[in-house]
Every structure is written in structure tokens, then in C-alpha cells.
Amino acid sequence: MLFGDEHVRRYEETDGEVGHDWEKGAPCLILTTKGRKTGEDRKFALIYQFDEQNNPVIVASKGGAPEDPGWYKNLQANPEVKAQVKADKFTARARTLEGEERAKLWDKLAAVWPDYNEYAKKTDREIPVVVLERV
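The sections below set out a description of the structure shown in this document. (Residues numbered from 1 in each chain as written. Predicted model: local features only at pLDDT ≥ 70, side-chain atom pairs only at ≥ 80, totals over all residues. Heavy atoms only, no water.)

### Comments concerning unusual backbone geometry
Phase 1: For Asp15, which is not glycine, the phi torsion reads 50 degrees and is therefore positive.
Phase 2: Residue position: Asp15 is located in the loop between α1 (4–14) and β1 (28–34).
Phase 3: Despite not being glycine, Lys86 shows a phi value in the positive range, around 55 degrees.
Phase 4: Summarising the element assignment, Lys86 is placed in the loop between β5 (80–85) and β6 (88–96).
Phase 5: According to the relative accessible area criterion, Lys86 is partly exposed, its value standing at 44%. (Helix = DSSP H or I, 4+ residues; strand = E, 2+ residues; numbered from the N terminus. Buried < 20%, exposed > 50% of the residue type's maximum accessible area, 1.4 Å probe, protein only.)

See below:
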């Protein structure tokens, strides 16, 4: 099973042929954010699903930790990101979802990664759900 930098490396080398279909069949994309402190590119392999407009949607779960993951803090500081879904590479603007839109897409993501529901029980924060809208 691929994790972290190795997951990103193999995904990018193979345009997602290796690494897109991850544990339990969950699909992954590569998200590139600008480090909020360094300004350097930071890459992460993340589970996703598409919304009704065919934009990828991701979850900032950090396994139910009390604080948001670093990549989410990065995109809050600079919402312009890069994404790669298989061989499709594009620039996007990250937007955190709220209310009914968030709930609907949370359910869609939890259907492919049920652990998200367990993570939500472990934390007091509302776990962010983020759509990556192409620019």
C-alpha cells in the first residue's frame, strides 16, 4: 500500500495508473498547495469524489485529529491549488462547503471511505469538505 511522498511519486510517474485506486478501492488525486509559511509546493494524495459539476471534492479529516491538516491550512491561506486526477492536471480554486451542500457531499465521500464517519465522532471540529473548482 502506498502512503505519503511515495504515493505522490508513483501516482505522478504513472499518471495515476499506480496510486489512483487506493486502499479499499478508494480513488485518490494529487493536491498541490503552496506552503503557507515557506511558499513551496506541498503535495498530498487524497481520497476524492466528483460533485455534480464534475469538480473533485476532498475531506480535511486528518483521521479525526483535533486540528485541521496542514494542507487545509495551506489552501485557506492561498485557495489557488493544482490538482491531478489520473492524467488530468489542472489549476483549481478550493472552496470549503457548508450546510446542505456539505452534508450531501460528505455522504458521497463517506460512501467510499466509511472511516470519515468514525473520524467525525473523534473530534469536536466540523471536518471541512472542500470542492476544487477549475479555473
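### Digging into the layout of surface pockets
Phase 1: There is about 420 Å³ of room inside the largest pocket.
Phase 2: Every residue lining the largest pocket is counted, 21 residues in all, and those nearest its centre are Trp22, Ala45, Leu46, Ile47 and Ser61.
Phase 3: At the level of elements, α1, β2 (41–47), α2 (70–77) and α4 (115–122) are the ones that each hand at least two residues to the lining of the largest pocket.
Phase 4: Tallying contributions element by element places β2 first for the lining of the largest pocket, with four residues.
Phase 5: For the lining of the largest pocket, the residue count by class is 15 nonpolar, five polar and one charged. (1 Å grid on protein atoms, 1.4 Å probe; cavity = no way out; pocket = protein on both sides within 12 Å on 5 of 7 lines; lining within 4 Å. Points joined across faces, edges and corners; volume = space filled by probe spheres on them. Nonpolar A, V, L, I, M, F, W, Y, C, P; charged D, E, K, R; others polar.)

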